[in-house]
Amino acid sequence: MEILTRIAGGFAGLWRSRRRSHHHEHFEETTQNNTNPSDLTAHEVSKYLKNNADFLDTFIMDEIQLEQLERWMIRKTQRLRKAPQATGKNGRKTSLSRWKFCVHADKRQMLQDLIHSLQLRPTKMHVLWELASCICSAVNADGFRLYLTDTMDKDSLHLCLSNSFIDENGDPKPLKIKSDAAIPNYVAKSREPIRFSKGDIDQRFPENVLQKSEMAHVMCQPIVYPDGSLVAVLELWRRDCGSPFYEEDEEIGCSYLVWGGIAIHYAHLNLVGLKQRKLNEFLLAVVKSIFQDMVSMDMLVSKIMNFAQRLVDADRASLFLVDSRSKELYATIFDVGCDDKENKSDNESEQFKAPKEIRFPMGTGIAGQVAMTGEVLNIVDAYADARFNRSIDQLTGYKTETILCMPIFIRGNVIGVVQMVNKRTGYFNKEDEEAFEMFAIYCGLALHHAKLYDKIRRSEQKYRVALEVLSYHNTCTEQEVDRCLSVGIPQNVPGIDKYDFSPFNIDDFEKVIYSVYMFKDLFGYGRFDRNCLIRFTLTVKKNYRRVPYHNWTHGFSVANTMYSIIKNCSSVFRPNECLALFIGSLCHDLDHRGKNNKFMLDTEAPLAAIYSTSTMEHHHFNQTVTILQQEGHNIFSKLNSNEYKQVLSLIKHCILATDLALFFPNKQKLNALVDEEKFSWTITEHRMLIQAIAMTGADLSASAKPWEIQTETVKVIFAEFYDQGDEEKKAGRKPIPMMDRDQPEQQATSQLGFLSEICIPCYRLLNRLIPETEPMLNMCNENLDKWNKIAEENKKNKG
């Protein structure tokens, strides 16, 4: 009656606004006796509407609000519930009785329920199940079945019987579909909805497809992602007592699937995000474990296999490494499984046995095939694959069903193969492959890192052995120390503090005694141990090589010159500076090979790879530190921490200053300071410059010795030069004339250039700041004159 009243009440307005309408003209004829449309009776309106259905449709569509229609439908449904079941003229249940569940009637509530469901269990499977249940209720189905697509084989389906058959990741626990699933299979392939009743004849399906089933009427609908890919197939069914499914039922299901598809898509994205986060956390744990706790290759292999098992939920794991030389795969830890701990506890003696190594050629078996091709193998049925070796199962009694085998690459080469056996639930899928492929990258890095670690560890052990051997051969003996103690350190050595003292007049052992004397004379024994000092000096002597010039005699001579500089101008340098200058001079050419820095760089010597600048000078300093670190050799052990660091730093500075490549910038800086009268003994940088020049002056002091000593020194210098020249000729390079033994006439010319361009400028600058060094400048000038005369005579003889 409410609709009739609403229509009658609205006729007055319609009367005036739609008089020219055909329906209104007809109505006017039937109500010509009534002067006021508002006086129409309900019977008259009802009679008119029954005879003019088009008018009713137009009126409702134009004038009635959607909310009002929904209220009417709900009331109608409630009334029909109380009344006997209504049927249409054709005997079918009216679809309007079910529209209380449809999208238009209850879309807000449905979406709220789905959102709430997603918050509680944000998995794709849960949303699918809730959506299927909702559609089942909306179309008054007696039940439903949900068929899920196989992630590995998109053409096959898995039946999910209830929402409890879901694992922790939201994935269904698969059950094989029954033989009566022909209709869902067709829907999965065609993506078209199907309505079918028992007894219907359809060439697409076998006869009596529903004969043995309790289902009398079936409606199947595909559930797809927005991109069109299939998610699942929903099968709704009714028993014999129910009516068939009609087009309206399809519309209701499709309406739900439109809205539910959004929720499924969101649930899928959420699941992917959760899995990715879980994978990232897992990989982070892998990286922390295998890189922070690196002990041995076997331990790393065990960790990799345990992590791989957890990643893909496998029952067993094996890792084989590639032997590139023999073209074989090998493993010392072959089979890791969940029961390993139990096996170990049953037989404790097994852990003391050496691991048995398994080897087999590449290309053999599943792992060998993967190693050879570098391709992933995911085998669902191992016994159906001809490449599978069944003999292992026969020996162990373990049955292999599924296998996931993945290569491990480093720099494009296969270095190993990880093989997972028997996924605990179902079989390995595409997601397992993708996750394991990322895991394999970290495995490759870890294995490569472990190999390098093992190499470094073995190299370190070799280095320690070599160091022990070198220490034995390059360290003085206690007999030598006892000999020095028995000879004793003299109280006085005449002339040793003179710049013209000759190192050629004493033997190597006496040089040790005199070196200890000079040290004692400068610093005393108050803060230094005599035996330690003797042992240190003897070892320094032993670490000078037997080369023509840069030998122990040269080291002693430079230390003697520095002793003379310090002794003759005691107030110039501070105590720790004096200590560093003297020890630096004594050790400045330790382990010199008789070749210059350029030769080391040109021949790509190992030392040049370690030190790109001041190659030999850095090595000399490191040798000094190595001697100090040997037992009983640390002559600075009584210094406090700050003094020790300061002295070592100064020694390094002094030794590096003997590189002639550094002399020229040092000379330029110091000359500028002196010329501009800006030099100050109170400024540390200025003091460092004068120390460097003093070291150069001591190193070149052979040029400031008397002529007899000068010529003797030049002989051994050129002997060493010629040895280097010979080596350069063997390497196919042309040596400079000074180092070519076939050009002996170049000696005088080279000495002229050496003295005039390096030695004289050095001593001149040194004399300006330390006048007590003037004898060195004078003697160097005298030698320069004599070399000049020899060069002139050579020219005359040549002319």
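This one's a predicted model, so the numbers in the text were calculated from it and none came from an experiment. (Residues numbered from 1 in each chain as written. Predicted model: local features only at pLDDT ≥ 70, side-chain atom pairs only at ≥ 80, totals over all residues. Heavy atoms only, no water.)

Scanning the chain from N- to C-terminus turns up 28 helices and 13 strands. Across the 799 residues of the chain, 47% fall into the buried class. Nonlocal contacts in the chain, meaning residues at least 24 apart in sequence, comprise 68% of its contacts between residues at least 6 apart. Carbon and sulfur atoms make up 51% of the accessible area of the chain, which totals about 42,800 Å². (Helix = DSSP H or I, 4+ residues; strand = E, 2+ residues; numbered from the N terminus. Buried < 20%, exposed > 50% of the residue type's maximum accessible area, 1.4 Å probe, protein only. Contact = heavy atoms within 4.5 Å. Areas by Shrake-Rupley, 256 points an atom, 1.4 Å probe, with all protein chains shown as cover.)

By the definition in use, this model includes 24 salt bridges. Between Glu214 and Arg239 there is a salt bridge, with the nearest N and O atoms lying 3.8 Å from each other. With Glu214 in the loop between β4 (194-197) and β5 (217-224) and Arg239 in the loop between β6 (230-238) and α9 (247-292), the pair connects residues that are 25 residues apart, well separated along the chain. The closest approach of N and O atoms between Lys678 and Glu676, which form a salt bridge, is 3.3 Å. Linked through salt bridges whose partners overlap, the residues forming this network are Asp323, Glu328 and Arg359. (Salt bridge = Lys/Arg side-chain N within 4 Å of Asp/Glu carboxyl O.)

Bridge analysis of strand β7 (residues 314-323) against strand β8 (residues 328-331) gives three bridges, and the strand direction is antiparallel. Among the inter-strand pairings, Asp323 is bridged to a residue of β8, identified as Glu328. Hairpin connection of β7 to β8: four residues between the antiparallel strands, including Lys327 at a positive phi of 55°. (Pairing = 2+ DSSP bridges.)

Looking at the secondary structure, you find Ser585 in helix α19 (residues 575-587). Those residues in contact with Ser585 that lie beyond four places of it in its chain are Tyr544, Gly555, Val558, Ala559, Met562 and Met695.

Right, let's get into the packing of aromatic side chains. Centre distance and the angle of the planes are the two values used to describe a pair of aromatic rings. Enumeration over the complete set of coordinates arrives at 19 aromatic pairs. Taking 5.5 Å as the distance between ring centres and 85° as the angle between the ring planes, the aromatic pair formed by Tyr186 and Phe205 counts as edge-to-face. Separated by 19 residues along the polypeptide, Tyr186 in helix α8 (residues 182-190) and Phe205 in the loop between β4 and β5 bring together distant segments of the chain. Relative accessible area serves as the criterion here: at 25%, Tyr186 is assigned to the partly exposed category. With a centroid separation of 5.2 Å and an interplanar angle of 75°, the aromatic rings of Phe320 and Phe360 are classed as edge-to-face. With Phe320 in strand β7 and Phe360 in strand β10 (residues 358-361), this residue pair connects regions lying 40 residues apart in the sequence. A relative accessible area of 2% places Phe320 in the buried class. The buried category is assigned to Phe360, whose relative accessible area is 16%. Each member of the aromatic cluster is reached from another via a ring pair, and the members are Phe519, Phe523, Phe528 and Phe582. In this structure, Arg238 is placed above the aromatic ring of Phe245, and the distance from its NZ or CZ to the ring centre is 4.0 Å. Between the NZ or CZ atom of Arg316 and the centre of the ring of Tyr398, over which it lies, the distance is 5.5 Å. (Phe/Tyr/Trp six-rings, centres within 6.5 Å; stacked < 30°, edge-to-face > 60°. Lys NZ or Arg CZ within 6 Å of the ring centre and 35° of its normal.)

Turning to the environment of Arg768, a few remarks are in order. With respect to the element layout, Arg768 can be found in helix α27 (residues 746-769). It is 9.6 Å that separates the C-alpha atoms of Arg768 and Asn671, two residues lying 97 residues apart in sequence. Aside from chain neighbours lying at most four places away, what touches Arg768 is Asn671, Val674 and Asp675. Among the polar contacts made by the side chain of Arg768, one reaches the side chain of Asp675 at a distance of 3.0 Å. (Polar contact = N/O pair within 3.5 Å; in protein donor to acceptor, adjacent residues only side chain to side chain.)

A rise of 1.5 Å per residue sets the reference length of helix α18 (residues 552-568), with its 17 residues, at 24 Å; its end C-alpha atoms lie 24 Å apart and thus fit the reference within 8%. Most of α18 is tucked away, with 15 of its 17 residues classed as buried. One side-chain oxygen at the N-terminal end of α18 lies 3.2 Å from the backbone nitrogen of Thr553; it belongs to Asn551. (Expected span 1.5 Å × (residues − 1).)

This part covers a nonpolar patch on the surface. Among the surface-exposed residues, Val258, Trp259 and Ile262 lie close enough to one another that they form a single nonpolar patch of about 300 Å² accessible area. Structurally, Ile262 can be placed in helix α9. On the basis of relative accessibility, which here comes to 56%, the residue Ile262 falls in the exposed class. (Patch = residues over 30% accessible without salt bridge, like charges linked within 9 Å, V, L, I, M, F, W, Y side chains within 5 Å.)

Turning our eyes to something else, we now look at the nonpolar core. Residues Phe573, Leu670, Ile690, Tyr763 and Ile770 are the most contacted members of the largest nonpolar core, which totals 48 residues. Secondary-structure elements contributing two or more residues to this core are α18, α19, α24 (660-675), α25 (684-699), α26 (707-730), α27 and α28 (774-798). In terms of residue count, the dominant contributor to this core is α27 (11 residues). Other than its neighbours up to four places away in sequence, Phe573 contacts Ile565, Cys578, Leu581, Arg687, Ile690, Gln691, Ala694 and Ile770. (Core = buried A, V, L, I, M, F, W, Y, C linked by side-chain atoms within 4.5 Å.)

Further remarks concern the packing of helix α15 (residues 478-487) against helix α17 (residues 530-542). One way to put it is that α15 packs onto α17 with a least axis distance of 10 Å and a crossing angle of 120°. On the basis of the axis angle, α15 is oblique to α17. Crossing handedness for the pair α15 and α17: right-handed. Where α15 approaches α17, its residues Glu478, Glu480, Val481, Cys484 and Leu485 are matched on the opposing element by Arg530, Asn531, Ile534, Arg535, Leu538 and Lys541. Taken together, the residues of the contact of α15 with α17 break down into five nonpolar, one polar and five charged. (Axes fitted to C-alpha atoms, helices over the stretch in contact; angles between N-to-C directions. Parallel < 35°, antiparallel > 145°, perpendicular 65-115°, else oblique. Left-handed = near helix turned anticlockwise from the far one by under 90°. Nonpolar A, V, L, I, M, F, W, Y, C, P; charged D, E, K, R; others polar.)

Two elements in contact, α18 and α25, have axes whose closest approach is 8 Å; the angle formed by their N-to-C orientations is 130°. The orientation of α18 with respect to α25, classified from their angle, is oblique. The two elements α18 and α25 meet at a crossing, and its hand is right-handed. Judged by residue contacts, His554, Val558, Thr561, Met562 and Ile565 of α18 engage Ala694, Met695, Ala698 and Asp699 from α25. Class assignment of the residues belonging to the contact of α18 with α25 gives a composition of six nonpolar, two polar and one charged.

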